[in-house]
Amino acid sequence: MYIAMVASECAPVAKVGGLGDVVFGLSRELEIRGNSVEIILPKYDCLRYDQIFDLRLTYKDLWVPWYDRAVHCSVYFGFVHGRKCFFIEPHSDHNFFHRRVFYGQRDDDQRFAFFSKAALEFMLKSGKNPDIIHCHDWQTGLVPVLLYEMYKHLGMTHPRVCYTLHNLQHQGLTGEHVLRATGLNRPSYFFHQDRLQDNFNPAAINLMKGGIVYSNFVTTVSPRYASEILHTSQNFGLGHTLHVYRGKLGGILNGVDYNTWNPEIDSHIPCRYGINSLADKYENKKALRQRFWLQDAYKPIVCYIGRLDHQKGVPLITRAIHYCLQNGTQFVLLGTSPDAGIGHHFWRLKQRYNDNPDCHLELGFNEELSHLIYAGAEMMIVPSLFEPCGLTQMIALKYGTVPVVRATGGLADTVFDANHSDRPCDERNGYVFNDFNDQGIDSALHRAIGMWYTYPNDFQELMANGMRCDYSWNHPGQHYLNIYEHIRDK
Ligand code: ADP
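Rules and cut-offs
Residues numbered from 1 in each chain as written. Predicted model: local features only at pLDDT ≥ 70, side-chain atom pairs only at ≥ 80, totals over all residues. Heavy atoms only, no water. Pairing = 2+ DSSP bridges. Helix = DSSP H or I, 4+ residues; strand = E, 2+ residues; numbered from the N terminus. Axes fitted to C-alpha atoms, helices over the stretch in contact; angles between N-to-C directions. Expected span 1.5 Å × (residues − 1). Buried < 20%, exposed > 50% of the residue type's maximum accessible area, 1.4 Å probe, protein only. Arc of directions from axis to C-beta. Polar contact = N/O pair within 3.5 Å; in protein donor to acceptor, adjacent residues only side chain to side chain. Parallel < 35°, antiparallel > 145°, perpendicular 65-115°, else oblique. Left-handed = near helix turned anticlockwise from the far one by under 90°. Contact = heavy atoms within 4.5 Å. Nonpolar A, V, L, I, M, F, W, Y, C, P; charged D, E, K, R; others polar. Domains from an automatic or database assignment. Buried area = accessible area lost by both parts, 1.4 Å probe. Salt bridge = Lys/Arg side-chain N within 4 Å of Asp/Glu carboxyl O.

Student: Help me understand the sheet that holds strand β16 (residues 402-406), please; the structure alone is not making it clear to me.
Tutor: Whether parallel or antiparallel, the strands of a sheet pair through hydrogen bonds between backbone atoms. In spatial order, the strands read β14-β13-β12-β15-β16-β17; together these six strands make up an open sheet with parallel pairing. The strands lining the two open edges of the sheet, one partner per strand, are β14 (359-363) and β17 (431-433). Shown here is a sheet whose adjacent strand axes are inclined to one another by a mean of 15°, direction ignored. As judged from the five bridges shared by strand β12 (residues 301-305) and strand β13 (residues 330-335), these two strands associate in the parallel manner.

Set out below in structure tokens:
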């Protein structure tokens, strides 16, 4: 099958969070299974150009209709760790992708509406005729809308669209100007509850809703999250739409790319190890301590890696830092915040613990460093308020780092409590708590830290159980292919 992935991220060249990992990992798996996959991305100025091989201009003059003019674009091609990627670069005064950041600009709605339009225009003009267009999150929600309302009539009758919801918190609310810009026009037609009109703000267009309404199949990134967004209030206002389209909605657990995230072959860590050489993990613990000037003491290291965002449970992350330091544990954090207030909060914490030999907070994005932390720590907290899938706990499992998570979304699908799970003992792999409060995380940490000190052999058993879990792309890859097969134009 011929699949075009249209996305705003792809690891490691353009990665903010899990979306980037998924686009890369799924594409790789689909290719291993004999399909042809091309990834279409914006040509951001902040791409990791050192990770693109053989970047070259492949389509010189792509004119993308935009309002009543056209924007001149160039399209580049390059390999990202073996994946075929096209990068669209617009030349206009807007400088849509020359902002030194991926997201967080006031005109994000226009930047990604433009990208969606440009991706289709590129496929049309270059004669690409994929069986499946797979798009992701609100940034590319307009792709199926444009395909069925416009590009189909220009000859693109063959492709079918699979649309993946990675996070319903961000839906891409915008206004009528996007209809005019993209040439969809007809506001009275699109401002309709059955089409793009936001379910709660009648003056707004909702790009994610457009993706749900117009695509042939909608997936979300874990079965539990699929159920939560259908049956609880965790759908940020899209409940009715999801209910209407529940017949084409499914939850597929994300995979982890074990070619990138595997302590046996990881080139970013000082000492490789596996389930039969767990002792070597401690060389990485030593290296992590050296890197962060932590003292060498008989204590476990607990870590947090991830965006510092409301969703991730900022009060509980803060609580965990205090709890760990007061209970014989070292704490390491790697994270960035898109929110100035939250960023400030963690800077203050960092200053407070600057001289503490058991704590280091690294505020920044550093892919290579994250590998060392996964390898060197013994526990990882993921106390999210909600979590569509969550990759960090699955990566941690592979590295023998025991996750301590809140039972929500994909966390509940992947982590099984050492004491309370109804699974057989050899399938239990972490610690799980329910209540989003201090007592919840304290009690889970208490059990985890207690086990580390009191029953080290049992703790090692838990680490090994986690390393044996198969959260590779093998199963999800097949699920996606089944969906593609189900919707494709035969
Ligand atoms: P989300 O997609 O909500 O951000 P996920 O758990 O699905 O969260 O994916 C997070 C991914 O981003 C993981 O690969 C994690 O290692 C990586 N990551 C998050 N923050 C950082 C950071 N500050 N530095 C390096 N990698 C990070």
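Student: How should I be thinking about helix α11 (residues 340-352) in this particular structure?
Tutor: Each α-helix turn comprises 3.6 residues. Residues three or four places apart therefore point the same way. End to end, α11 covers 18 Å across 13 residues, agreeing with the expected 18 Å (1.5 Å per residue, within 8%). Looking at α11, one finds that the buried residues are Ile 342, Gly 343, Phe 346, Leu 349 and Lys 350. Projected onto a plane normal to the axis of α11, the buried residues spread over an arc of 120° and lie on a single side. Opposite its buried face, α11 presents the exposed residues Ala 340, Arg 348, Gln 351 and Arg 352, each directed more than 90 degrees away. For α11, the N-terminal capping position is held by Asp 339, with its side-chain oxygen 2.8 Å away from the main-chain nitrogen of Gly 341.

Student: Just to check I follow, could you spell out the pairing of strand β10 (residues 217-220) for this structure?
Tutor: Walk down a regular strand and you will see the side chains alternate between the two sheet faces. Across the two faces of β10 the burial is the same, with Phe 217 and Thr 219 and Val 218 and Thr 220 all buried. Strand direction decides the pairing type here: β10 and strand β11 (residues 249-251), joined by three bridges, are parallel. Of the residues in β11, the one forming a bridge with Val 218 is Leu 249.

Student: What is the right way to look at the packing of helix α3 (residues 142-149) against helix α6 (residues 207-214) in this model?
Tutor: Between two packed helices, both the angle of their axes relative to each other and the distance between the axes serve to describe the pair. Relative to each other, α3 and α6 sit at 55°, their axes nearing to 7 Å. Regarding the angle of α3 to α6, the classification is oblique. Relative to α6, the crossing made by α3 is left-handed. Each of Leu 142, Pro 144, Val 145, Tyr 148 and Glu 149 in α3 lies in contact with α6, whose residues at this interface are Leu 207, Gly 210, Gly 211 and Tyr 214. Classifying every residue of the contact of α3 with α6 by side-chain character gives six nonpolar, two polar and one charged.

Student: How should the domain arrangement of the protein be read in this particular structure?
Tutor: As a measure of interface size, the accessible area lost when the parts come together is often cited. Each domain of the protein was delimited in the assignment, giving domain 1 (2-255 + 474-488) and domain 2 (278-468). Centre-to-centre separation of domain 1 and domain 2, based on C-alpha positions: 32 Å. Carbon and sulfur atoms supply 56% of the area that domain 1 and domain 2 bury against each other, a total of about 1500 Å² over both sides. Linking domain 1 to domain 2 there are two salt bridges. Joining domain 1 to domain 2, the criterion identifies seven residue pairs in polar contact (both at pLDDT 80 or more). Among the elements of the structure, α1 (18-32) and α7 (223-231) are those that each provide at least two residues to the side of domain 1 that touches domain 2. Counting residues per element, the side of domain 1 that touches domain 2 draws most heavily on α7, at four residues.

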